Amino acid sequence: MFRLRCLPRWLLVLISCFGICFLAVIIQSKYVRTVTCKVDERKDSLAGQVVIVTGASSGIGFQIALEMARRGARVVLGCRHPVEGQAARQYIVTKTGSTSVAVVGLDLADMRKVHKFYDKIVELYGKVDVLVNNAATGKISTTRKLTSQGLEKTMATNHLGPMYLTKLLVPLLTPKGKVITITCKDNLDSDIIDADDLNSVNNYDPTKLYHKTKLLNIMMARYIKNLLKHGQSSYTVDPGVTWTNLYADLHDHMHHDETATRLSTGQHGLLGWIRWLVGPVMHGAACPTLAWHDAVWLATGGSETDDLTSGGHFSNCKTADHLVNRQADDTQLIQAVWEASKHLIESVFTS
């Protein structure tokens, strides 16, 4: 019979640490972290509304899509991987009984595919009531890597793709249409935004790139509000630290390339293992099942007493401007970022 004492001591310690951290996350998610949002699926109906959720095959996006379907929405799962998307759809249909859940392929790193997604939405629905920009990648390479269209991969997936998709869909928004963009407090740690170097030609810093894209998400949302008609809204949401695939990507001990070493800092090597294990406990991470409330609360319009100002940043169903980098208050910088981003996107179609 296999005995635990046959295992090396270091392995036993590692297994014990993992077990303790995993248990702590579960306990904290279910019994410690509180959610103050008041979202009632019986009252807050989205019946018949077309709701698009990007990155909806897992994590927060999946939970948001599930809760939207519970409220009667016609949910579109924008997914890069069709098999995972179909599995998510089947689960949502089974759990909610909804027959109005669809999967449409979406690769935000490819601007041409983003346009194809838009074409499909026009063909199938012709309108959008709620767009939830959720999809993002945390797989940051230590060396600059480009898409086949010449765009830096992380910037394309996390900022340029969502911006282009939103810009395309704005004319389809209904009179009370909403754009909800998921970001996080990592935007506070962004370095100075250089609108002339969004593609990281002159300065590629993998330790700050994800943080920068989250700040750019907020800037995009604040610019978008100026494109909207009266009654339409653009919001950003910080769901808090959540133990999802994205969290694992950002602290991936397996992710390395030619410049990484086993004992490297940040997201690589042995220290990456440790950070991945203890990070959720240290940062107060929650399960995705507790991270959907803000998006659904905003989609349903909150309550009569809530001040849902377009362009606002929310966390736990409250205004959370203290979680926004001050660069997002610079209207001139926002304009410069928009124009530079638009130029990068247009370069795909003119080259």
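Above this text you will find the structure in question.
Residues numbered from 1 in each chain as written. Predicted model: local features only at pLDDT ≥ 70, side-chain atom pairs only at ≥ 80, totals over all residues. Heavy atoms only, no water.

Peer 1: Honestly, the pattern of salt bridges in this entry has me stumped. Any pointers?
Peer 2: It is possible for side chains bearing opposite charge to pair when their charged atoms get close. Per the counting criterion, the structure on display carries 8 salt bridges. Its salt-bridge partner being Glu67, residue Arg70 comes within 3.3 Å of it at the nearest N-O pair. With Arg70 and Glu67 both in helix H2 (residues 59-70) and 3 residues apart, the pair spans about one turn of that helix. Asp329 serves as the salt-bridge partner of Arg222, at 3.0 Å between the closest nitrogen and oxygen. Placement of Arg222 in helix H6 (residues 209-224) and of Asp329 in the loop between strand S8 (318-319) and helix H10 (331-350) is noted, with a sequence separation of 107 residues between them. Assessed through its relative accessible area of 40%, Asp329 is described here as partly exposed. Connected via shared salt-bridge partners are Glu67, Arg70 and Arg71. (Salt bridge = Lys/Arg side-chain N within 4 Å of Asp/Glu carboxyl O. Helix = DSSP H or I, 4+ residues; strand = E, 2+ residues; numbered from the N terminus. Buried < 20%, exposed > 50% of the residue type's maximum accessible area, 1.4 Å probe, protein only.)

Peer 1: How should the sheet that holds S8 be read in this particular structure?
Peer 2: The strands that make up a sheet pair up through hydrogen bonds in the backbone, lying either parallel or antiparallel. Taking strand neighbours across the sheet as the criterion, the 8 strands line up as S3-S2-S1-S4-S5-S6-S7-S8 in an open arrangement whose pairing is mixed. The open sheet terminates on both sides in strands that have one partner only, identified here as strand S3 (101-105) and S8. Alignment of strand S1 (residues 50-54) against strand S4 (residues 128-133), held across 3 bridges, turns out to be parallel. When the bridges of S4 are listed, Ile52 appears paired with Leu131. Contacts from helix H4 (residues 111-124) reach S1, strand S2 (74-79), S3 and S4, with the element oriented near 160° to S2. Packing of helix H5 (residues 153-169) onto the sheet brings it into contact with S1, S4 and strand S5 (173-182), and relative to S4 it is tilted by some 175°. (Pairing = 2+ DSSP bridges. Contact = heavy atoms within 4.5 Å. Axes fitted to C-alpha atoms, helices over the stretch in contact; angles between N-to-C directions.)

Peer 1: Please clarify how the packing of aromatic side chains should be interpreted in this entry.
Peer 2: To describe a pair of aromatic rings, you give the distance between the ring centres and the angle between the ring planes. Summed over all chains, the structure comprises 5 aromatic pairs. Aromatic pair Tyr223 and Trp338: ring centres 4.2 Å apart, planes at 15°, arrangement stacked. With Tyr223 in helix H6 and Trp338 in helix H10, the pair connects residues that are 115 residues apart, well separated along the chain. Here Tyr235 and Phe314 contribute two aromatic rings whose centre-to-centre distance is 5.6 Å and whose plane-to-plane angle is 80°, an arrangement assigned as edge-to-face. Pair noted here: Tyr235 is in strand S6 (residues 233-237) and Phe314 is in strand S7 (residues 313-315), with a separation of 79 residues, a long-range link. On the basis of relative accessible area, Tyr235 is assigned to the buried category, the value being 3%. Looking at Phe314, the relative accessible area reads 2%, which means it is buried. Taken together, the ring pairs in this structure connect Tyr235, Trp297 and Phe314 into an aromatic cluster. (Phe/Tyr/Trp six-rings, centres within 6.5 Å; stacked < 30°, edge-to-face > 60°.)

Peer 1: Can you walk me through the nonpolar core in this structure?
Peer 2: Across soluble globular proteins, nonpolar side chains have a tendency to be buried as a group. Within the largest apolar cluster, 55 residues are counted, with the highest numbers of intra-cluster contacts made by Ile121, Leu169 and Met219. Sorting the residues of this core by element identifies S1, H4, S4, H5, S5, H6 and H10 as the ones contributing at least two each. At 9 residues, H6 tops the list of elements feeding residues into this core. Those residues in contact with Ile121 that sit more than four places away from it in its chain are Ile52, Val76, Gly126, Lys127, Val128, Leu169 and Leu172. Grouped together as the second largest cluster of nonpolar side chains are 37 residues, Ala69, Ala88, Ile92 and Ala299 included. (Core = buried A, V, L, I, M, F, W, Y, C linked by side-chain atoms within 4.5 Å.)

Peer 1: What exactly am I supposed to notice about unusual backbone geometry here?
Peer 2: For residues besides glycine, phi is generally negative; the peptide bonds are generally trans as well. The backbone of Ser200 sits at a positive phi, close to 55°, despite the residue not being glycine. Within the fold, Ser200 resides in the loop between S5 and H6. Look at Ser200 and you get buried, because its relative accessible area is 2%. We note that Cys317 has phi near 60°; this positive angle belongs to a residue other than glycine. With respect to the helices, strands and loops of the structure, Cys317 is situated in the loop between S7 and S8.

Peer 1: So what exactly am I meant to see when it comes to the side chain of Asn134 here?
Peer 2: One can find Asn134 in the loop between S4 and H5. Taking relative accessible area as the criterion, Asn134 reaches 13% and is therefore assigned buried. When neighbours within four sequence positions are excluded, Asn134 is seen to be in contact with Thr54, Gly55, Ile60, Gly61 and Ile182.

Peer 1: Help me out: how do you make sense of the pairing of S5 in this one?
Peer 2: Remember that side chains alternate between the two faces of the sheet whenever the strand is regular. Among the 10 residues of S5, 8 are classified as buried, and the element is accordingly described as predominantly covered. Bridge count between S4 and S5: 5 bridges; the pairing is parallel. Each residue of the ladder has a partner; that of Asn133, found in S5, is Thr181. In this region the chain leaves S4, passes through H5 and returns to the parallel neighbour S5; the handedness of that crossover is right-handed. For the crossover from S5 across H6 to S6, the handedness is right-handed. (Right-handed = clockwise from strand over helix to strand, strands pointing away.)

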